[in-house]
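Residues per chain, in single letters:
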Amino acid sequence: MLELSAGKHLAVTADPGRTPVTRETHVKEHFRTSGTPVGHGYGQRNADEGTAYYAFDAGLVRCVVIDTVNPHGGWQGSLDETQFGWLASELAACAGRPAVLFSHHPLETLVNDNRPPGADRRILADELADLLLSHSCVIAWVNGHTHVHSITAVRAQDSPGGFWQVTTASHIDWPQQARIIELLDTGTGLALCCTVLDSAAPAGFTGSASPDDLAALGRELAANDWQVRELITPDGGAGAGSPADRNVILPVDWPRRPLPPSASRKPVST
C-alpha cells in the first residue's frame, strides 16, 4: 500500500514482475549485453558465485574493487568474511606494485553490522583499515556514498603504509560534478591528480527530451532539491566540499618499504 497522507491509502496492483533485484541478478545482467567488455568488469567467477568483487590491472597498477553493500539491509556498509579473505590475498599478491581500491562506501561509513542470528560476522571499518594499512602497496581508495567531495589521508603511525581516500559527490545533487583521477610517475615518486568536472548540459530545460535536454532537467532538479537548500555552501553546493577536496595533486611516496611487523597500524586521518 502506498500512503498518500494520514489515513488515506492507494491500492497498488500486484505485479509478479516487480521484484527486488538480487546481487546475483544484477551481476548476471552485465553479461546480457551487446557492448564490450562482456561482463563490464565482472568475471565468470562473479556470475557463477553471485559475488560483486573483482580485480584488474591498469598498466602497472592493480585495481581492486570491493563490494561494501550489506545484503542484510541498512544504508551503511561492511564486508563479508569471504570477501575479506580474498582482499587480503589480492593485496599480498601485488606487493611491490601500487594498488588502488574502489568501492561505494568510504571507510568511515563501514559501520553496518546488520545480520540475522547465525549469519557470518561482518567486517567493519577498524578491521578493514588495519588490513589496508598492513599492506604498503595500497596508495588510494576511490569511493562515494556520502554525496560530498572529500579527500582524506589515512596513514599508519611510524610506518610507510597509508593511502589517500578520494570521495566524490553524487550526480543527483547540485553541483553534479564528476572527477577524473590520474596516477603520474613524478620521477621521485607518484602523484594522484584529482580534477573535478562540471556538467556540459544546458542550464535550462526546454522539454525536447534530447539527451542534452534531459541532462539539463537533471541539473534543474538537483539545484531545486528542497532537502538540501539549507546546506548550500558559498563554494557552490552541499556536496562541493572545500577547495582542498576538489582539484588537487596528492603526493605518494614510492617505492615503499614493507611495513615492519612491529609497526603501529592505528589509522590517523588528516
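Report on the accompanying structure. Keep in mind the model is a prediction, meaning the values are calculated, not measured.

### Examining the pairing of strand E4 (residues 61–65)
Within E4, 5 of the 5 residues are buried, which leaves it mostly tucked inside the rest of the structure. Bridge analysis of strand E3 (residues 54–58) against E4 gives 5 bridges, and the strand direction is antiparallel. Residue pairing in the sheet places Tyr54 in a bridge with Val65 of E4. Hairpin connection between E3 and E4: a loop of 2 residues separates the two successive antiparallel strands, and Gly59 in this loop has a positive phi of roughly 65 degrees. Inspection of the sheet shows E4 paired to strand E6 (residues 99–102) by 4 bridges, in the parallel sense. Along E6, the bridge assignment pairs Val65 with Phe102.

### A few points about unusual backbone geometry
The residue after Thr36, namely Pro37, is reached through a cis peptide bond having omega -5 degrees. Its location among the elements puts Pro37 in the loop between helix H1 (23–29) and helix H2 (44–49). Geometrically, the link from Trp254 to Pro255 is a cis peptide bond, its omega value of 0 degrees lying close to zero. Relative to the assigned elements, Pro255 resides in the loop between strand E13 (248–252) and strand E14 (267–269). Unlike most non-glycine residues, His40 shows phi in positive territory, near 50 degrees. Within the element layout of this structure, His40 appears in the loop between H1 and H2. On the accessibility criterion, His40 (38% relative accessible area) is partly exposed. The backbone of His147 shows a phi angle near 65 degrees, a positive value even though the residue is not glycine. Relative to the helices and strands, His147 resides in the loop between strand E8 (138–143) and strand E9 (150–156).

### With respect to the side chain of Thr168
Among the structural elements, Thr168 can be located in the loop between strand E10 (162–167) and strand E11 (178–185). Judged by its relative accessible area of 16%, Thr168 falls in the buried class. In terms of polar contacts, Thr168 uses its side chain to reach the side chain of Arg179, at 2.8 Å. Those residues within four positions of Thr168 in sequence are excluded, and the remaining contacts are Asn143, Gly144, Val148, His149, Gln177, Ala178 and Arg179.

### Regarding the sheet that holds E11
Taken together, 3 strands build an open sheet; the order of strands is E11-E12-E13 and the sheet is antiparallel. Of all the strands in the sheet, just E11 and E13 have a single pairing partner and so form its edges. Shown here is a sheet whose adjacent strand axes are inclined to one another by a mean of 20 degrees, direction ignored. Pairing analysis gives 5 bridges linking strand E12 (residues 190–197) to E13, with the strands arranged antiparallel. When the bridges of E13 are listed, Cys194 appears paired with Val248.

### Section: the side chain of Arg62
Position of Arg62 relative to the elements: it lies in strand E4. Residue class for Arg62 comes out buried when judged on its relative accessible area of 16%. When residues no more than four places from it in sequence are discounted, the contact partners of Arg62 are Ala55, Phe56, Asp57, Glu90, Cys94, Arg97, Pro98, Ala99 and Val100.

### What to know about the packing of helix H3 (residues 81–93) against helix H4 (residues 125–133)
Running from N to C, H3 and H4 point in directions that differ by 15 degrees, and their axes come no closer than 10 Å. If you check the angle between H3 and H4, you find them roughly parallel. Considering the relative orientation of H3 and H4, their crossing is right-handed. For the pair H3 and H4, the contacting residues are Phe84, Leu87, Ala88 and Leu91 in the first and Glu127, Leu128, Leu131 and Leu132 in the second. Within the contact of H3 with H4, the residues separate by chemical class into 7 nonpolar, no polar and 1 charged.

### What to know about the environment of Glu81
Note that Glu81 resides in helix H3. A relative accessible area of 35% means that Glu81 is categorised as partly exposed. With 41 residues separating them in the primary sequence, Glu81 and Arg122 have C-alpha atoms 6.5 Å apart. Not counting residues up to four positions away in its chain, the partners in contact with Glu81 are Asp120, Arg121 and Ile123.

Quick notes on the rules
- Residues numbered from 1 in each chain as written.
- Predicted model: local features only at pLDDT ≥ 70, side-chain atom pairs only at ≥ 80, totals over all residues.
- Heavy atoms only, no water.
- Buried < 20%, exposed > 50% of the residue type's maximum accessible area, 1.4 Å probe, protein only.
- Helix = DSSP H or I, 4+ residues; strand = E, 2+ residues; numbered from the N terminus.
- Pairing = 2+ DSSP bridges.
- Polar contact = N/O pair within 3.5 Å; in protein donor to acceptor, adjacent residues only side chain to side chain.
- Contact = heavy atoms within 4.5 Å.
- Axes fitted to C-alpha atoms, helices over the stretch in contact; angles between N-to-C directions.
- Parallel < 35°, antiparallel > 145°, perpendicular 65-115°, else oblique.
- Left-handed = near helix turned anticlockwise from the far one by under 90°.
- Nonpolar A, V, L, I, M, F, W, Y, C, P; charged D, E, K, R; others polar.

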